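Here are the chains, one letter per residue:
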Amino acid sequence: GARRGDARRERSPSRRRSRSRRKSRSGSRGGGESRGATGQRKVEGKEMSCKLEGPNDKHCYRAFAEVTKPNGTKVTAAGPWQGDKRSAERDKDEFRRAFDSGGPEGLFKIKSELFRKRHGRA
């Protein structure tokens, strides 16, 4: 019986990690209940914090934005990893500009565009 306990104990941390990652993923998509609320464009009052993440283990940097939505939900958007700090700074400025003009939706739209550019599908 001891072996089964070990396997279970070993498996659970990775399962927990993937679950939390999935939760933040769906949060950044703006899950089901928030999608109906996109009609109101009253996001000017909502604050967005932008920061740079990195260097990671490969010495890359990325822009990271966090928005608090009207209902108090925090959503995050992380840009693609860039080889140098200046590119990540540029992504961060893009994030801020997109958020100022289009709110959270604008932010996520620019995020996907940045990834598409980064991965060669412009």
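Nothing here was measured: the structure is a model prediction, and the numbers come from that model.

How each quantity is defined
- Residues numbered from 1 in each chain as written.
- Predicted model: local features only at pLDDT ≥ 70, side-chain atom pairs only at ≥ 80, totals over all residues.
- Heavy atoms only, no water.
- Helix = DSSP H or I, 4+ residues; strand = E, 2+ residues; numbered from the N terminus.
- Buried < 20%, exposed > 50% of the residue type's maximum accessible area, 1.4 Å probe, protein only.
- Contact = heavy atoms within 4.5 Å.
- Core = buried A, V, L, I, M, F, W, Y, C linked by side-chain atoms within 4.5 Å.
- Pairing = 2+ DSSP bridges.
- Axes fitted to C-alpha atoms, helices over the stretch in contact; angles between N-to-C directions.
- pLDDT = per-residue confidence, 0-100.
- Salt bridge = Lys/Arg side-chain N within 4 Å of Asp/Glu carboxyl O.

1. Considering the overall build of the protein
Part 1 of the argument: Looking only at helices and strands, the protein has three helices and three strands in total.
Part 2 of the argument: Listing the helices and strands of the protein from first to last along the sequence gives α-α-β-β-β-α.
Part 3 of the argument: Of all 122 residues assigned to the protein, the portion counted as buried reaches 30%.
Part 4 of the argument: Long-range pairs, those at least 24 residues apart, make up 45% of the contacts in the protein with a sequence separation of at least 6.

2. Focus on unusual backbone geometry
Part 1 of the argument: Each neighbour pair has its own omega, and for G54 with P55 the value is 0 degrees, a cis peptide bond.
Part 2 of the argument: Note on placement: P55 falls in the loop between β1 (48-53) and β2 (62-68).
Part 3 of the argument: Positive phi, normally seen in glycine, also occurs at H59, with a value near 60 degrees.
Part 4 of the argument: Relative to the elements of secondary structure, H59 occurs in the loop between β1 and β2.

3. Describing the nonpolar core
Part 1 of the argument: M48, A65, V67, F95 and L107 are the most contacted members of the largest nonpolar core, which totals 14 residues.
Part 2 of the argument: For this core, the secondary-structure elements that each account for two or more residues are β1, β2, β3 (74-78) and α3 (85-118).
Part 3 of the argument: Looking at which element gives the most residues to this core, the answer is α3, with seven residues.
Part 4 of the argument: Discounting chain neighbours no more than four positions away, the residues touching M48 are A65, E66, V67, F95, R96, F99 and L107.

4. Details of the sheet that holds β2
Part 1 of the argument: With respect to topology, three strands assemble into an open sheet ordered β1-β2-β3, the strand pairing being antiparallel. The sheet is open, and its two borders are formed by β1 and β3, each paired with just one other strand. Each strand of the sheet is rotated relative to its neighbour by a mean of 20 degrees, with strand direction disregarded.
Part 2 of the argument: Against the sheet, α3 contacts β1, β2 and β3, and its axis sits at roughly 155 degrees relative to β1.

5. A closer look at the pairing of β2
Remark: a regular strand shows side chains that alternate across the two faces of the sheet.
Part 1 of the argument: Summarising burial for β2: five of the seven residues are buried, a large majority.
Part 2 of the argument: Bridge count between β1 and β2: six bridges; the pairing is antiparallel. Counterpart to K51 in the pairing with β2 is F64.
Part 3 of the argument: Two strands pair when backbone bridges link them, and β2 and β3 are joined in this way by five bridges, in the antiparallel orientation. Bridged to V67 within β3 is V75.
Part 4 of the argument: Here β2 hands over to β3 after five residues, with G72 in that stretch at a positive phi of 90 degrees.

6. Looking at the confidence of the model for the protein
Part 1 of the argument: The predicted model of the protein has a mean per-residue pLDDT of 75, with 61% of residues at 70 or higher.
Part 2 of the argument: Predicted confidence is poor over residues 12-45, with pLDDT under 50, and the contacts of this stretch with residues over four places away or in other chains come to 15 contacts.

7. Digging into the pattern of salt bridges
Part 1 of the argument: Applying the stated criterion across every chain yields a total of two salt bridges.
Part 2 of the argument: We note a salt bridge from R62 to E53, for which the minimum N-O separation is 2.6 Å.
Part 3 of the argument: With a shortest N-O distance of 3.8 Å, K92 and E89 are connected by a salt bridge. In this pair, K92 and E89 both sit in helix α3, three residues apart, roughly one turn of the helix.

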